[in-house]
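# Notes for the structure review
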Amino acid sequence: MHPYLLNPVAFQLGPITVNWYGIILACGALVGLLLAIREGRRFNIPSVFFMDLLLIGAPSAIIGARIYYVIFEWEHYRDNVIDVIKIWEGGIAIHGALIGAVIAGFIYCRRKGYGFWRIADIAAPSLIIGQMIGRWGNFMNQEAHGGPVDEAFLRETLHIPNFIVDHMYIQGVYYHPTFLYESIWNLAGFLVLLLLRRAPFLRAGELFFSYLIWYSFGRFFIEGLRTDSLAFDGPAGLESFMHALWAPMTLIFGDAGELTGGNIRTAQFISLLLIVLSGLLIVLRRVTGMAHEKYKDPIRPEGAIDK
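Not measured: the values here are computed from a predicted model. (Residues numbered from 1 in each chain as written. Predicted model: local features only at pLDDT ≥ 70, side-chain atom pairs only at ≥ 80, totals over all residues. Heavy atoms only, no water.)

Per the counting criterion, the structure on display carries eleven salt bridges. In this structure, Arg226 engages Asp228 in a salt bridge whose closest nitrogen and oxygen atoms are separated by 2.9 Å. Judged by relative accessible area, which is 9%, Arg226 ranks as buried. Judged by its relative accessible area of 39%, Asp228 is partly exposed. Taken together, the shared-partner salt bridges in this structure form one network comprising Glu39, Arg42, Arg197 and Arg198. (Salt bridge = Lys/Arg side-chain N within 4 Å of Asp/Glu carboxyl O. Buried < 20%, exposed > 50% of the residue type's maximum accessible area, 1.4 Å probe, protein only.)

This part covers the pairing of strand β2 (residues 16–19). Direction of pairing for strand β1 (residues 9–13) relative to β2: antiparallel, over a ladder of four bridges. By the bridge assignment for β2, Gln12 is matched with Thr17. Hairpin remark: β1 followed by β2, antiparallel, with two residues in the connecting loop; positive phi at Gly14, about 65 degrees. (Pairing = 2+ DSSP bridges. Helix = DSSP H or I, 4+ residues; strand = E, 2+ residues; numbered from the N terminus.)

The next point concerns the packing of aromatic side chains. Tallied over the full model, the rule gives 25 aromatic pairs. Between Phe49 and Tyr108 the ring centres are 5.0 Å apart and the planes differ by 35 degrees, which places this aromatic pair in the tilted class. Within this pair, whereas Phe49 is found in helix α2 (residues 47–72), its partner Tyr108 is found in helix α4 (residues 94–112), the two being separated by 59 residues in sequence. Taking 4.9 Å as the distance between ring centres and 25 degrees as the angle between the ring planes, the aromatic pair formed by Phe139 and Phe179 counts as stacked. Note that Phe139 is positioned in helix α5 (residues 116–141) and Phe179 in helix α8 (residues 178–196), a separation of 40 residues in sequence. By the ring-pair criterion, three or more aromatic residues cluster together here, those being Phe106, Phe116, Trp117, Phe208, Phe209, Tyr211 and Tyr215. (Phe/Tyr/Trp six-rings, centres within 6.5 Å; stacked < 30°, edge-to-face > 60°.)

Here we come to the environment of Phe106. Tracing the chain through its elements places Phe106 in helix α4. The class of Phe106 is partly exposed, set by a relative accessible area of 41%.

With that settled, the discussion passes to the environment of Leu154. By secondary structure assignment, the location of Leu154 is in helix α6 (residues 151–157). Placed eleven residues apart in sequence, Leu154 and Val165 show a C-alpha to C-alpha distance of 6.7 Å. Each residue touching Leu154, except ones within four places of it in the same chain, is listed here: Val149, His159, Ile160, Val165, Tyr174, Tyr175, Pro177 and Tyr181. (Contact = heavy atoms within 4.5 Å.)

Axis separation between α5 and α8 bottoms out at 9 Å; the angle between their running directions is 165 degrees. Here α5 is positioned roughly antiparallel relative to α8, judged by the angle of their axes. The handedness of the crossing between α5 and α8 comes out as left-handed. For the pair α5 and α8, contact is made by Ala124, Pro125, Ile128, Ile129, Gln131, Met132, Arg135, Trp136, Asn138 and Phe139 and by Phe179, Leu180, Glu182, Ser183, Asn186, Leu187, Gly189, Phe190, Leu193 and Leu194, respectively. Looking at side-chain class alone, the contact of α5 with α8 contains 13 nonpolar, five polar and two charged residues. (Axes fitted to C-alpha atoms, helices over the stretch in contact; angles between N-to-C directions. Parallel < 35°, antiparallel > 145°, perpendicular 65-115°, else oblique. Left-handed = near helix turned anticlockwise from the far one by under 90°. Nonpolar A, V, L, I, M, F, W, Y, C, P; charged D, E, K, R; others polar.)

Moving on to the nonpolar core. Counting 55 residues, the largest nonpolar core has Ile45, Phe49, Phe50 and Tyr211 as the members making the most contacts within it. Looking at this core element by element, the count peaks at eleven residues for α5. Those residues in contact with Ile45 that lie beyond four places of it in its chain are Gly40, Phe50, Tyr114, Ile119, Ile122 and Ile299. (Core = buried A, V, L, I, M, F, W, Y, C linked by side-chain atoms within 4.5 Å.)

Excluding glycine, residues mostly have negative phi values, and the peptide bonds linking residues are mostly trans. Backbone geometry at Ala144 places phi at a positive 55 degrees, although glycine is not the residue there. Structurally, the position occupied by Ala144 is in the loop between α5 and α6. Overall, the relative accessible area of 9% leaves Ala144 in the buried class. In this model, His159 sits at a positive phi of 55 degrees, which is unusual for a non-glycine residue. Secondary-structure assignment places His159 in the loop between α6 and α7 (162–167).

What follows deals with the packing of α2 against α4. One way to put it is that α2 packs onto α4 with a least axis distance of 6 Å and a crossing angle of 145 degrees. The way α2 lies across α4 gives a crossing that is right-handed. Here Val48, Phe49, Asp52, Leu53, Ile56, Gly57, Ser60, Ala61, Gly64, Ala65 and Tyr68 of α2 come into contact with α4, specifically with His95, Gly96, Ala97, Ile99, Gly100, Ala101, Ala104, Gly105, Tyr108, Cys109 and Lys112. Its residues placed into classes, the contact of α2 with α4 shows 13 nonpolar, seven polar and two charged.

One turn of an α-helix holds 3.6 residues; hence residues three or four places apart share an orientation. In a regular helix each residue adds 1.5 Å, so 19 residues correspond to 27 Å; α8 covers 26 Å between its end C-alpha atoms and thus fits that length. All buried positions along α8 are accounted for by Thr178, Phe179, Leu180, Tyr181, Glu182, Ser183, Asn186, Gly189, Phe190 and Leu193. Taken together, the buried residues of α8 touch α1 (20–41), α5, α6, α7, α9 (206–223) and α11 (250–253). (Expected span 1.5 Å × (residues − 1).)

It is worth spelling out α5 at this point. Look at α5: 35 Å from first C-alpha to last across 26 residues, which is about the 38 Å you get at 1.5 Å a residue. In the structure, α5 departs most strongly from a straight axis at Ala123, where the bend amounts to approximately 40 degrees and where the proline Pro125 lies between one and four residues downstream. In terms of burial, α5 is largely enclosed, as 22 of its 26 residues are buried. (Bend = angle between axes of the 7 residues up to and from the residue.)

Right, dumping it as structure tokens:
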């Protein structure tokens, strides 16, 4: 065993195994909840609203993450349908989680009478800080890493801490700690969102769109290093376009991670779509007058379904 290899199991409770992955995800959710509650107080939104939102959004995110993964890996599951529910064996995707959480959040906000974009703005910093923390669960499991890399590049070029480099030594090979790259990117995005939400020009929904743009931009480039990407077969022109966009990364990080099962990385394609759609929605909502509320304006529940 490598001298600094960390145990992914936190502790045992009889037959129940508690992994660090779950603990870390729970910590990310808790930090995000506390941040949302604190910001919500500025708008007189009760804490219980965000607590309930988390209780509804978290399982919806997990379901969405699993469905998304199964759709793109259907060739594996079509003859083993029972495996679809075996989420404990791995197989979730963050974009699916985001879709599930957004759908649940939209329905919940409608029921409580709050405008979805106003709540999405408050939740945006919570989402990205939760993702930042959650990526360390991948670190503990030695998963979601990039392709092979020289030890010297990690220690001497990037000056990555020894405990991370050592844990990225898997079966005799060092790998890119893409979890770390994304975690740092998300931390920077969190700080940007905190600054941006105090800007007087910010309109309702635009902080959430900014979150999508920031996260997607980083995810596009980091995803190219990974070796476990979901992929699909796309036209050669799209493949060349994606490769051309990612090419600058080779100047720093070298070759892209090995890709199997298709020629287009799904996460990269979705990231580009989110960047374009978010930018268009910001412009269209301003031009059409739909974004008339500013972030700092009061939030008042209206038309709650269950009132």
